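# Inside the fold
Chain residues, written in single-letter form:
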2 protein chains.
Amino acid sequence: MTDETPDIEAVNVAEGFDSFDETWSPRLAAELNGQELKFAKLEDEFVWHHHDDADELFFVVDGELRIELRDRDDVHLDAGEFVVVPRGVEHRPVALPTADVLLFEPAETRNTGNVESERTADVERL
Amino acid sequence: MTDETPDIEAVNVAEGFDSFDETWSPRLAAELNGQELKFAKLEDEFVWHHHDDADELFFVVDGELRIELRDRDDVHLDAGEFVVVPRGVEHRPVALPTADVLLFEPAETRNTGNVESERTADVERL
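Residues numbered from 1 in each chain as written. Chains lettered and ligands numbered in written order. Predicted model: local features only at pLDDT ≥ 70, side-chain atom pairs only at ≥ 80, totals over all residues. Heavy atoms only, no water.

## As for the overall build of chain A
Secondary structure assignment for chain A yields one helix and eight strands. Rg of the C-alpha trace for chain A: 15 Å, near the compact-globule value of 14 Å for 126 residues, within the 12% margin. Considered along the principal axes of its C-alpha atoms, chain A spans approximately 55 × 30 × 25 Å. Each of the 126 residues in chain A was classed as buried or not, and the buried ones make up 53%. Partitioning the contacts of chain A with sequence separation of at least 6, the portion at a separation of at least 24 is 67%. Counting every atom, chain A has about 5900 Å² of accessible surface; 41% of that belongs to carbon and sulfur. (Helix = DSSP H or I, 4+ residues; strand = E, 2+ residues; numbered from the N terminus. Rg over C-alpha atoms; globule rule 2.2 N^0.38 Å. Buried < 20%, exposed > 50% of the residue type's maximum accessible area, 1.4 Å probe, protein only. Contact = heavy atoms within 4.5 Å. Areas by Shrake-Rupley, 256 points an atom, 1.4 Å probe, with all protein chains shown as cover.)

Below, the structure written as structure tokens:
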């Protein structure tokens with residue numbers, strides 16, 4: 001092994017979530033193919049928003065999450081369940097009351113989508 | 001709700017893996033942003049290969065997986081751990097002896113990458 005071939009490291013999801021406390025402040029866990037995998041701790045309700053150019057995957061690792069959708073039935077997610085919210089679909093995540101969630105979406109996707117809010121947060125590296 | 005706004009459905013990961021038995025034959029679980037999330041049941045060793053244009057995420061849901069890398073240290077993954085194998089890196093997954101794995105990679109990524117083998121498999125919809 002040389003400096004030019006650094007090790008490829010596994011990421012332990014539980015340790016990732018244990019490494020920070022802040023809610024609604026996603027941490028970057030991995031980058032691939034122009035997409036980002038983020039760890040997010042959710043608590044209570046978020047803001048209504050949509051993403052014009054991004055489908056968004058929510059994978060609940062711990063806790064319980066309801067994703068409210070403006071124009072159709074809500075989606076309920078327990079731990080071990082995921083959903084894809086297609087681009088353009090207005091949605092509001094509501095943690096019941098908390099949820100550890102893996103997000104998968106294109107790089108540069110803003111957490112509050114089309115909305116600028118006090119909840120708008122830059123992504124920090126894990 | 002109208003026919004034009006179909007429900008958005010949650011996917012239960014455990015149920016997904018319970019729904020098929022075939023090893024080394026990934027099932028398509030979700031599509032987003034030109035990427036695909038697949039369920040794969042792995043057993044024993046796969047073939048050495050690489051993907052010229054695809055970074056590949058392996059997330060172990062159950063079991064144990066070693067990803068051997070030709071030019072650097074192996075990566076060992078227990079349940080709840082993931083790794084990204086960057087494009088171009090030759091690798092060989094080896095389940096110990098079985099692993100249920102979520103794969104995340106661009107649509108049209110062939111499971112055996114640059115190699116045509118008896119293990120080359122089309123992706124079926126879950």
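## Digging into the environment of A30 of chain A
Looking at the element boundaries, A30 of chain A is found in strand 2 (residues 27-32). Placed 45 residues apart in sequence, A30 of chain A and V75 of chain A show a C-alpha to C-alpha distance of 26 Å. In this structure A30 of chain A touches Q35, E36 and L37 of chain A together with F82 and V84 of chain B, once residues within four positions along its chain are discounted.

## Some points on the packing of aromatic side chains
Residues and elements named next belong to chain A. Scanning all chains against the criterion turns up twelve aromatic pairs over all chains. Note on F17 and F39: the rings are 4.6 Å apart at their centroids and 15 degrees apart in plane angle, and the pair reads as stacked. Of this pair, F17 sits in helix 1 (residues 13-18) while F39 sits in strand 3 (residues 35-45), and the two are 22 residues apart along the sequence. The class of F17 is buried, set by a relative accessible area of 3%. The exposure class of F39 is buried, given its relative accessible area of 0%. (Phe/Tyr/Trp six-rings, centres within 6.5 Å; stacked < 30°, edge-to-face > 60°.)

## What about the pattern of salt bridges?
All names here are of chain A. According to the stated counting rule, one finds 28 salt bridges over all chains in the structure shown. Among the salt bridges present, the one from D74 reaches R66, with a minimum N-O distance of 4.0 Å. One salt-bridge network, held together by shared partners, links E45, R66, E68, D74 and R92. (Salt bridge = Lys/Arg side-chain N within 4 Å of Asp/Glu carboxyl O.)

## Observations regarding the pairing of strand 5 (residues 75-78) of chain A
Residues and elements named next belong to chain A. Along strand 5, the buried face is formed by V75 and L77; none of H76 and D78, which line the opposite face, is buried. Pairing of strand 4 (residues 56-69) with strand 5 involves four bridges; the strand directions are antiparallel. Bridging from a neighbouring strand, I67 pairs with V75 of strand 5. In this structure, the hairpin formed by strand 4 and strand 5 is closed by a connection of five residues. (Pairing = 2+ DSSP bridges.)

## Some details on the relation of the copies chain B and chain A
Of the transformation placing chain B onto chain A, the axial shift is 0.0 Å and the rotation is 180 degrees, giving an RMSD of 0.0 Å. What we have between these two chains is a two-fold relation. Closest to the rotation axis within chain B is the C-alpha of Q35 of chain B, separated from it by 4.4 Å. When the interface residues of chain B are mapped onto chain A, 100% of them again fall at the interface, so both copies present the same face. (Least-squares fit on C-alpha atoms with pLDDT ≥ 70 in both.)

## Looking at the environment of E90 of chain A
Residue and element names in this part refer to chain A. Among the structural elements, E90 can be located in the loop between strand 6 (81-85) and strand 7 (91-106). According to the relative accessible area criterion, E90 is partly exposed, its value standing at 27%. Sequence separation of E90 and L102 is twelve residues, and the distance between their C-alpha atoms is 19 Å. In this structure E90 touches W48, H49, H50, E68, L69 and R70, once residues within four positions along its chain are discounted.

## Quick word on the pairing of strand 2 (residues 27-32) of chain B
Residues and elements named next belong to chain B. Counting buried positions along strand 2 gives five out of six residues, so the element sits mostly inside the fold. For strand 2 and strand 3 (residues 35-45), the ladder comprises five bridges, and the chain directions are antiparallel. Within the sheet, the bridge partner assigned to L32 lies in strand 3 and is Q35. Connecting the antiparallel pair strand 2 and strand 3 is a turn made up of two residues, with N33 showing a positive phi of about 55 degrees. Bridge count between strand 2 and strand 8 (residues 124-125): two bridges; the pairing is parallel.

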